[in-house]
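Residue-level listing of the chains:
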Amino acid sequence: MTTQLYPAKERGKADFGWLQANFSFSFGNYFNPDKTQFGMLRVLNDDTIAAGMGFGTHSHDNMEIITIPLEGGLKHRDSMGNEAVVRFGEVQVMSAGSGIQHSEMNASETEAAKTLQLWVFSNKENVKPRYDQKSFDLERQINTFVNVVTSDQVQNGDALWVYQNTSFNLGIFETGKTAHYKVTFPENGVYLFLIEGEIQVGNQTLNQRDAIGIVDFEQFEILIKQKSKILLVEVPMKHN
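The following refers to the structure shown. None of these values were measured; they are calculated from a predicted model. (Residues numbered from 1 in each chain as written. Predicted model: local features only at pLDDT ≥ 70, side-chain atom pairs only at ≥ 80, totals over all residues. Heavy atoms only, no water.)

What follows deals with the sheet that holds strand β12 (residues 130–135). Read across the sheet, seven strands follow the order β2-β3-β4-β11-β6-β9-β12 without closing on themselves; strand pairing throughout is antiparallel. Each edge of the open sheet is held by one strand with a lone partner, namely β2 (12–15) and β12. Between one strand axis and the next, the sheet turns through 15° on average, direction left out of account. As paired elements, strand β6 (residues 63–71) and strand β11 (residues 113–121) share eight bridges and run antiparallel to each other. Bridged to P69 within β11 is T115. (Pairing = 2+ DSSP bridges. Helix = DSSP H or I, 4+ residues; strand = E, 2+ residues; numbered from the N terminus. Axes fitted to C-alpha atoms, helices over the stretch in contact; angles between N-to-C directions.)

Structure (structure tokens):
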């Protein structure tokens, strides 16, 4: 198993007044040649969006876009006719495919929204765009990883799916527990993002918003040093 730590303090940052953004990878005006992507994971943005503000209509293509609200909710509208609010406890997926336009606005006029948005390269180009969202009750499934996004080749259980051999997992773990993860697709890597808490992976200790890249493994364990909420993203390390 090979690991690389990505401290939260080394992420890119942007302050637009209405938007406070943290970039795990190069994005917008932030460019770091050593942080352009992790395998097929291209974007992990940790955003705080002011009340009543958001991202106006813009376009995407050939990208799998996953949105995970941490606080509050986002009002979504797209060129396929979808209108919905995705809130804390839910996950949203959008396969941009041949091209889609959408907007994402804070659903509240009084409180900020905090969200994670991730982009994964598609393994099928120019497919018909699609949208889906689902609620996942993590609090009822404590001390285990809940599969929230999977591959279109699997489509197992209640997980949402996208056009890539990926697996997104969320989990809340109590202090003193040990979490285990076994790779879903051989030769994939894992980008583990610690939303909150303190954990140990191998000889590396992670605190809130730190991340670690893990490759060359079949399975690994995570020691929970303080109650933690973990996002674990498994992706191919090469185009497939």
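Glancing now at the sheet that holds strand β8 (residues 83–87). Here we have four strands laid out as an open sheet, ordered β5-β10-β7-β8, and antiparallel in their pairing. Every interior strand has two partners, whereas the edge strands, β5 (54–60) and β8, have only one. When strand polarity is set aside, the average angle formed by the axes of neighbouring strands in this sheet is 20°.

Another point: the packing of aromatic side chains. One pass over the full model with this rule turns up 12 aromatic pairs. Measuring from centroid to centroid gives 6.2 Å for F23 and Y30, while their planes differ by 20°, and the two rings are stacked. Judged by relative accessible area, which is 16%, Y30 ranks as buried. Taking 6.3 Å as the distance between ring centres and 85° as the angle between the ring planes, the aromatic pair formed by F145 and Y181 counts as edge-to-face. Linking F145 in the loop between β12 and β13 (146–151) with Y181 in strand β16 (residues 178–182), this pair joins segments that are 36 residues apart in sequence. Ring pairs connect the aromatic residues F145, F173, Y181, F217 and F220, which therefore count as one cluster. The ring of W161 has R130 sitting right over it, with the charged end atom 3.6 Å from the ring centre. (Phe/Tyr/Trp six-rings, centres within 6.5 Å; stacked < 30°, edge-to-face > 60°. Buried < 20%, exposed > 50% of the residue type's maximum accessible area, 1.4 Å probe, protein only. Lys NZ or Arg CZ within 6 Å of the ring centre and 35° of its normal.)

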